[in-house]
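# Residue-level structural notes
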Amino acid sequence: MRHDREVDAGRPPDLDFDGFYAAHFQSLTIQLYAYTGDLPGAQDLVQEAFCRALARWKRVAALDDPLGWVRRVAWNLAVSQWRRARTAALFLRKHRMEDVPAPGPDRVALAGALATLPAQHRRVVILHYLADQSVRDIADQVGVPEGTVKAWLHRGRAALAARLAEKEDDR
C-alpha cells in the first residue's frame with residue numbers, strides 16, 4: 001500500500017470514523033459482493049475490516065489512504081475465507097435463500113460472466129470498474145507490476161465480452 005500524500009490530499013487530518021464508515025461501507029460491500037457473489041458474506045467481510053480499522057483507528061486515520069487499508073483488509077479476509085471454507089462457500093452460494101427481488105437479465109448475465117473469470121482477472125476488473133481505481137492503485141494493492149494489471153484487465157474484458165456476446169446469441 002502506498003503512503004504518499006498524493007493518494008488523498010483533500011482528506012481532513014481529523015478523519016471521523018463514523019463519517020468514514022458511512023461514506024465507504026456501501027461501496028466496499030458492492031465490490032466484495034461482485035467478487036464473492038455472496039451479499040451477506042460481503043457485508044460481514046467489510047464489517048470485519050471496519051471493526052479492525054476501528055480497533056486501531058488513530059493509526060489507520062493517520063495513513064495517507066485509510067480507505068485503501070480497509071479495502072485491503074476486506075479483500076484479504078475474503079481470500080482467507082475462501083481458502084478455509086471453499087466447499088462450504090460453494091454449498092451456501094448454491095443453496096441460500098434470498099429475500100430480495102430477482103435481478104434483471106443484464107445483471108444475471110454480468111454476474112455469470114464475472115464468475116467465469118479467473119479470480120485475479122475478476123478482482124482487477126471489479127477494482128477498476130466498480131471501485132474506480134487506477135491501474136497503478138490496483139498494482140499497488142495486489143502487489144504486481146502495472147503491466148500485469150493491464151494484461152489481466154485486457155484478458156478479463158476480452159473474456160467478459162466473449163461471454164456476454166454468447167449470452168446475446170442465446171437469446
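This text goes with the structure placed above it.
Now for a quick tour of the structure. Keep in mind the model is a prediction, meaning the values are calculated, not measured.

Procedures and definitions
- Residues numbered from 1 in each chain as written.
- Predicted model: local features only at pLDDT ≥ 70, side-chain atom pairs only at ≥ 80, totals over all residues.
- Heavy atoms only, no water.
- Axes fitted to C-alpha atoms, helices over the stretch in contact; angles between N-to-C directions.
- Helix = DSSP H or I, 4+ residues; strand = E, 2+ residues; numbered from the N terminus.
- Left-handed = near helix turned anticlockwise from the far one by under 90°.
- Contact = heavy atoms within 4.5 Å.
- Nonpolar A, V, L, I, M, F, W, Y, C, P; charged D, E, K, R; others polar.
- 1 Å grid on protein atoms, 1.4 Å probe; cavity = no way out; pocket = protein on both sides within 12 Å on 5 of 7 lines; lining within 4 Å.
- Points joined across faces, edges and corners; volume = space filled by probe spheres on them.
- Buried < 20%, exposed > 50% of the residue type's maximum accessible area, 1.4 Å probe, protein only.
- Arc of directions from axis to C-beta.
- Parallel < 35°, antiparallel > 145°, perpendicular 65-115°, else oblique.
- Core = buried A, V, L, I, M, F, W, Y, C linked by side-chain atoms within 4.5 Å.

Let us now look at the packing of helix α1 (residues 17-36) against helix α2 (residues 39-55). One way to put it is that α1 packs onto α2 with a least axis distance of 8 Å and a crossing angle of 140 degrees. Note on packing geometry: the crossing formed by α1 with α2 is right-handed. Residues Phe17, Phe20, Tyr21, His24, Phe25, Leu28, Thr29, Leu32, Tyr33 and Thr36 of α1 lie in contact with α2, whose contacting residues are Leu39, Ala42, Gln43, Leu45, Val46, Gln47, Phe50, Ala53 and Leu54. Counted by class, the contact of α1 with α2 contains 14 nonpolar, 5 polar and no charged residues.

By volume, the largest pocket is sized at about 1500 Å³. Surrounding the largest pocket, 50 residues form its lining, Tyr33, Ala34, Thr36, Gly37 and Asp38 being those nearest its centre. Within the lining of the largest pocket, the residues separate by chemical class into 33 nonpolar, 7 polar and 10 charged.

Looking now at helix α8 (residues 135-142). Since the α-helix advances by 3.6 residues per turn, residues separated by three or four positions end up pointing in the same direction. For α8, every residue scored as buried is listed here: Val135, Ile138, Ala139, Gln141 and Val142. With its buried residues spanning 165 degrees around the axis, α8 presents them on a single face. The positive-phi residue at the C-terminal boundary of α8 is Gly143, with phi of around 85 degrees.

To continue, consider the environment of Ala131. Position of Ala131 among the secondary structure elements: in the loop between α7 (119-129) and α8. As a C-alpha pair, Ala131 and Ser27 span 104 residues in sequence and 7.4 Å in three-dimensional space. Every residue in contact with Ala131, bar those within four places of it in the chain, is listed here: Gln31, Arg71 and Ile126.

A separate point is the packing of helix α4 (residues 66-84) against α8. Closest axis-to-axis distance for the α4/α8 pair is 11 Å, and the angle between their directions is 55 degrees. With respect to each other, α4 and α8 are oriented oblique. Read as a crossing pair, α4 and α8 show a hand that is right-handed. Residue-level inspection shows Arg71, Arg72 and Trp75 of α4 in contact with α8, the latter providing Asp140, Gln141 and Val142. Among the residues forming the contact of α4 with α8, the class breakdown is 2 nonpolar, 1 polar and 3 charged.

Attention shifts here to the nonpolar core. Counting residues in each nonpolar core, the largest one holds 42 residues, and the members touching the most others are Leu32, Phe50, Trp57 and Val70. Of all the secondary-structure elements, those providing two or more residues to this core are α1, α2, α3 (57-62), α4, α6 (105-116), α7, α8 and α9 (146-170). The greatest single-element share of this core, amounting to 9 residues, is contributed by α4. Setting aside anything within four residues of it in sequence, one finds Trp57 in contact with Leu15, Asp16, Phe17 and Phe20.

Note that every value here comes from positions in space, so none of it alone points to a role or purpose.
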